[in-house]
Amino acid sequence: SRSTLSDSPYWTADGGKGWYFMNQGLVKGGEPSEFLNNTHPDEVIAYLRKFKDAGAKFVQTVTFRGIADTLGALLKDRVLTDDDIRQINQRGAENTVTAVENEAWVAGSIGPSGKVWKYEGYNEDEVRRIFRPQIEGLAQGRVDVFWVETQLALGEAEAIIRLAQELYPRIPIVLTKTFNYYPET
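From a predicted model like this one, the values you see are computed outputs, not experimental measurements.

## Considerations on the nonpolar core
In terms of nonpolar packing, the biggest core is built from 37 residues, with Phe21, Ile110, Phe131, Ile135 and Phe146 touching the most fellow members. For this core, the elements supplying multiple residues, two or more each, are helix H1 (18–23), helix H3 (41–53), helix H5 (82–100), strand S2 (105–110), helix H6 (124–140), strand S3 (145–151) and helix H7 (154–167). Here this core takes 6 residues from H6, the largest share from any one element. The residues touching Phe21, leaving out its near neighbours within four places in the chain, are Leu26, Val27, Ser33, Leu36, Glu43, Val44, Tyr47 and Val62.

## Focus on the packing of H5 against H6
The N-to-C vectors of H5 and H6 enclose an angle of 35°; their axes lie 7 Å apart at closest approach. Here H5 and H6 pass one another in a crossing that is right-handed. On H6, the residues touching Asp82, Ile85, Arg86, Asn89, Gln90 and Ala93 of H5 are Pro133, Gln134, Glu136, Gly137, Leu138 and Gln140.

## As for the environment of Glu124
Along the chain, the position of Glu124 falls in helix H6. Residues Glu124 and Gly155 lie 31 residues apart in sequence; the distance between their C-alpha atoms is 7.9 Å. For Glu124, the residues in contact, after removing those within four places along its chain, are Trp117, Ala159 and Arg162.

## Some points on the packing of aromatic side chains
In this structure the tally under the stated criterion is 6 aromatic pairs. Pairing Tyr47 with Phe51 gives two aromatic rings, centres 5.1 Å apart and planes at 75°, and the pair type is edge-to-face. Of this pair, Tyr47 and Phe51 both sit in helix H3, separated by 4 residues, roughly a single helical turn. Take Tyr47: its relative accessible area is 6%, and that puts it in the buried class. Between Phe58 and Trp147, the aromatic rings sit 5.0 Å apart at their centres with planes inclined by 55°, giving tilted as the arrangement. Pair noted here: Phe58 is in strand S1 (residues 58–60) and Trp147 is in strand S3, with a separation of 89 residues, a long-range link.

## Overview of the sheet that holds S2
Spatial ordering of the open sheet is given by S1-S2-S3-S4, a layout of 4 strands whose pairing is parallel. In this open sheet, the two strands that pair with only one neighbour each are S1 and strand S4 (173–177). Taking the axes of each pair of neighbouring strands and ignoring which way they run, one obtains an average angle of 30° across the sheet. Here S3 pairs with S4 via 4 bridges, running parallel. Bridge assignment links Val148 to a residue of S4, and that residue is Leu175. On the sheet, H5 packs against S1 and S2 and is oriented at approximately 150° with respect to S2.

## Brief notes about unusual backbone geometry
In this structure, Arg142 takes a positive phi of about 75° despite not being glycine. Structurally, Arg142 is set in the loop between H6 and S3. With a relative accessible area of 51%, Arg142 lands in the exposed category. Backbone geometry at Thr150 places phi at a positive 55°, although glycine is not the residue there. Among the structural elements, Thr150 can be located in strand S3.

Definitions and cut-offs
- Residues numbered from 1 in each chain as written.
- Predicted model: local features only at pLDDT ≥ 70, side-chain atom pairs only at ≥ 80, totals over all residues.
- Heavy atoms only, no water.
- Core = buried A, V, L, I, M, F, W, Y, C linked by side-chain atoms within 4.5 Å.
- Buried < 20%, exposed > 50% of the residue type's maximum accessible area, 1.4 Å probe, protein only.
- Helix = DSSP H or I, 4+ residues; strand = E, 2+ residues; numbered from the N terminus.
- Contact = heavy atoms within 4.5 Å.
- Axes fitted to C-alpha atoms, helices over the stretch in contact; angles between N-to-C directions.
- Left-handed = near helix turned anticlockwise from the far one by under 90°.
- Phe/Tyr/Trp six-rings, centres within 6.5 Å; stacked < 30°, edge-to-face > 60°.
- Pairing = 2+ DSSP bridges.

Spelled out as structure tokens, the structure:
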């Protein structure tokens, strides 16, 4: 069974997944790997299990781009509903739960929106609209922690965290940040 986080002075987590699925021929460049949770769950589970077997303390879901705005931009001919987004993220969490076999923590991957914070009407209300279905789906799939990752805009990250805490106050949150030259980061 998985250990407590206090059992070690450091934690290990898994790494990128998109390149792996492209190399395996499961997705072509630019296609969303998030759909593999439904179309190729056995391959997703087998890959995630490798991280657990290598000793990762956290294994992330294949849901980094799991919001309608991001996935929808990659799909030219399909509009994704909130229910679609919940289902994609729930399935991603369930696949990860299966892969880690209760030997690692399931980290619900929540990537950035790609929008520029506080420009073109992008604000906390929009963050709530965009990220709510993803957060709900990850929680329904039984993640242990929300992994809010590679966030560029601090305002977006804070709004995601506030929403996650409001909806699921018992699920902890990890934040990873990236930096660039924009003043709001």
